[in-house]
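Now for the letters of each chain:
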Amino acid sequence: MSRWSAADIPDQTGRTVLVTGANSGLGLQTAAVLAERGATVLLACRDPQRGRAALDRVRSGSGGTDAALVSLDLADLSSVRTAADEARRITGDRLDVLVNNAGVMAAPRRRTVDGFELQIGINHIGHAALTWLLGPALGPGARVVTVSSLAHRRGGLDPDDLSFEQRRYNPVAAYSASKLANLLFTFELDRRARDAGRDLLAVAAHPGLTDTELVFNTARMNSAGPLAHVVRWGNKLITQGVAAGALPQLYAATAPDVRSGEYFGPTSLGETRGAPGRAAASPAARDEHTARLLWERTAELTGVTPDPA
Ligand SMILES: NC(=O)c1ccc[n+]([C@@H]2O[C@H](COP(=O)([O-])OP(=O)(O)OC[C@H]3O[C@@H](n4cnc5c(N)ncnc54)[C@H](OP(=O)(O)O)[C@@H]3O)[C@@H](O)[C@H]2O)c1
């Protein structure tokens, strides 16, 4: 796998993929590459204008492959429900790959429409609800790829205090917790799918350090003005390009030898860059007790029935 590149992706003709946060960074790259390889791609985006621009780019880059826009705001569970219904309708209830990619990082204390802390709300809770609502469309061999981060290793997660009500709020700690939740959710989904006898691959990936809008958006949320632009340019000095950064999630979404419960990331310089390979999940991410509590708590908070149960 060490020299695996996008050129190694098998023909995706006949496969249908939904990518969240597909208008920017890793999501746009993932959608564009999969469309080029022949997949029908649903771009799930919250902003209609940015979504349409991404749709045009994906269509033109793939020579007119089937692609469609789905409106999705992960910070609003009613939008998640509508998006899942829309995706099931468009695909005829057959989705081969769901890429839970969208995310925000180190946001100041803010809440989603449903009252969750913004990062756990968007990065984990919205994606968990979307995954469960799309469950009936995920047939034999389907994959759920969830994008985590090296930051998960610094994360502590309290399933009874997901929104940091009982602890002092720290934006970086809240991001790390949400990325830890992405891994706990993936591994629990893997276990539950196997227990239910479902042929479903639950897989995680991370991009190391990649040049996207993520850091710029963080800077914009935390300070207005030119500082955000300085941060954006500084970030370019320490990151790899988006084509390389998207490879672990593309590998997870398409490589034939991927097994459920695996986690992929770059393999060089402490997993910050380089060719994709198997990545190291922290002991906290492998904690089955916390994963079960997180799963149950997320179901209670969303009112969505988990699928598989
Ligand atoms: N870049 C890195 O070095 C890095 C490292 C580790 C992990 N990651 C992870 O990679 C994933 C993709 O991030 P990126 O680096 O590609 O950053 P990005 O360029 O900022 O893209 C993030 C995407 O998420 C979307 N999004 C944000 N809030 C949303 C919401 N409420 N509903 C729906 N979509 C929403 C954004 O939409 P808008 O354009 O409308 O805001 C955008 O399309 C994230 O999960 C991030 O945690 C990135």
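Here the structure is shown first, and the text comes after it.
Residues numbered from 1 in each chain as written. Predicted model: local features only at pLDDT ≥ 70, side-chain atom pairs only at ≥ 80, totals over all residues. Heavy atoms only, no water.

Visitor: An account of the pairing of strand E4 (residues 95-100) is needed here, citing residue identities and associated values.
Guide: Among the six residues in E4, six count as buried, and that is most of the element. Pairing of strand E1 (residues 16-20) with E4, which is carried by three bridges, proceeds in the parallel orientation. Residue pairing for E4: Val19 is matched across the bridge by Val99. Here E4 runs beside strand E5 (residues 138-147); their pairing, made up of five bridges, is parallel. Of the residues in E5, the one forming a bridge with Val99 is Val145. (Buried < 20%, exposed > 50% of the residue type's maximum accessible area, 1.4 Å probe, protein only. Helix = DSSP H or I, 4+ residues; strand = E, 2+ residues; numbered from the N terminus. Pairing = 2+ DSSP bridges.)

Visitor: Could you give an account of the sheet that holds strand E2 (residues 40-45), with specific residues and numbers?
Guide: The strands making up a sheet associate through hydrogen bonds between their backbones, and the pairing can be parallel or antiparallel. In spatial order, the strands read E3-E2-E1-E4-E5-E6-E7-E8; together these eight strands make up an open sheet with mixed pairing. What marks the edges here is a single partner per strand, and that holds for strand E3 (67-71) and strand E8 (273-278). Each adjacent strand pair in this sheet contributes to an overall mean axis angle of 25 degrees, direction not counted. Pairing analysis gives two bridges linking strand E6 (residues 200-205) to strand E7 (residues 263-268), with the strands arranged parallel. (Axes fitted to C-alpha atoms, helices over the stretch in contact; angles between N-to-C directions.)

Visitor: I'd like a description of the side chain of Ser163, backed by residues and values.
Guide: By the element assignment, Ser163 lies in the loop between E5 and helix H5 (171-195). On the basis of relative accessible area, Ser163 is assigned to the buried category, the value being 10%. Aside from chain neighbours lying at most four places away, what touches Ser163 is Arg109, Gly115, Phe116, Glu117 and Ile120. (Contact = heavy atoms within 4.5 Å.)

Visitor: Quick one: what's the story with the site of the ligand, residue by residue and with numbers?
Guide: Near the ligand lie 29 residues; those nearest to it are Ser24, Arg46, Arg50, Tyr175 and Thr212. The separation between an oxygen atom of the ligand and a polar main-chain atom of Gly21 is 3.2 Å. In this structure, an oxygen atom belonging to the ligand sits 3.3 Å away from a main-chain N or O atom of Leu214. If you list the elements that add at least two residues to the shell around the ligand, you get helix H1 (25-36), H5 and helix H6 (214-222). (Near = heavy atom within 4 Å. Polar contact = N/O pair within 3.5 Å; in protein donor to acceptor, adjacent residues only side chain to side chain.)

Visitor: Run through the packing of H1 against helix H9 (residues 247-254), naming residues and quoting values.
Guide: For the pair H1 and H9, interaxial distance at closest approach is 10 Å and the crossing angle is 45 degrees. On the basis of the axis angle, H1 is oblique to H9. With respect to the hand of their crossing, H1 and H9 are arranged in right-handed fashion. Where H1 approaches H9, its residues Leu26, Thr30, Val33 and Leu34 are matched on the opposing element by Gln249, Leu250 and Thr254. Class assignment of the residues belonging to the contact of H1 with H9 gives a composition of four nonpolar, three polar and no charged. (Parallel < 35°, antiparallel > 145°, perpendicular 65-115°, else oblique. Left-handed = near helix turned anticlockwise from the far one by under 90°. Nonpolar A, V, L, I, M, F, W, Y, C, P; charged D, E, K, R; others polar.)

Visitor: So what about the packing of helix H4 (residues 118-133) against H5? Which residues, and what values?
Guide: Relative orientation of the contacting elements H4 and H5 amounts to 20 degrees, with a least axis distance of 7 Å. It follows from the interaxial angle that H4 and H5 lie roughly parallel. Every residue of H5 that contacts H4 at Gln119, Ile120, Asn123, His124, Ala128, Thr131 and Trp132 is listed here: Pro171, Ala174, Tyr175, Ala177, Ser178, Lys179, Ala181, Asn182, Phe185 and Leu189. Its residues assigned to classes, the contact of H4 with H5 shows ten nonpolar, six polar and one charged.

Visitor: So what about the pattern of salt bridges? Which residues, and what values?
Guide: A complete count under the given rule lists 17 salt bridges for this structure. Between Glu288 and Arg191 there is a salt bridge whose closest N-O contact spans 3.9 Å. Here Arg191 lies in helix H5 and Glu288 lies in helix H10 (residues 288-302), a separation of 97 residues in the sequence. Classification of Glu288 as partly exposed rests on a relative accessible area of 46%. As a salt-bridge pair, Glu262 and Arg278 come within 2.6 Å of each other at their nearest N and O atoms. Of the two residues, Glu262 sits in the loop between H9 and E7 while Arg278 sits in strand E8, which places them 16 residues apart along the sequence. According to the relative accessible area criterion, Arg278 is partly exposed, its value standing at 42%. In the salt-bridge network here, residues are joined through shared partners; they are Glu188, Arg191, Arg192 and Glu288. (Salt bridge = Lys/Arg side-chain N within 4 Å of Asp/Glu carboxyl O.)

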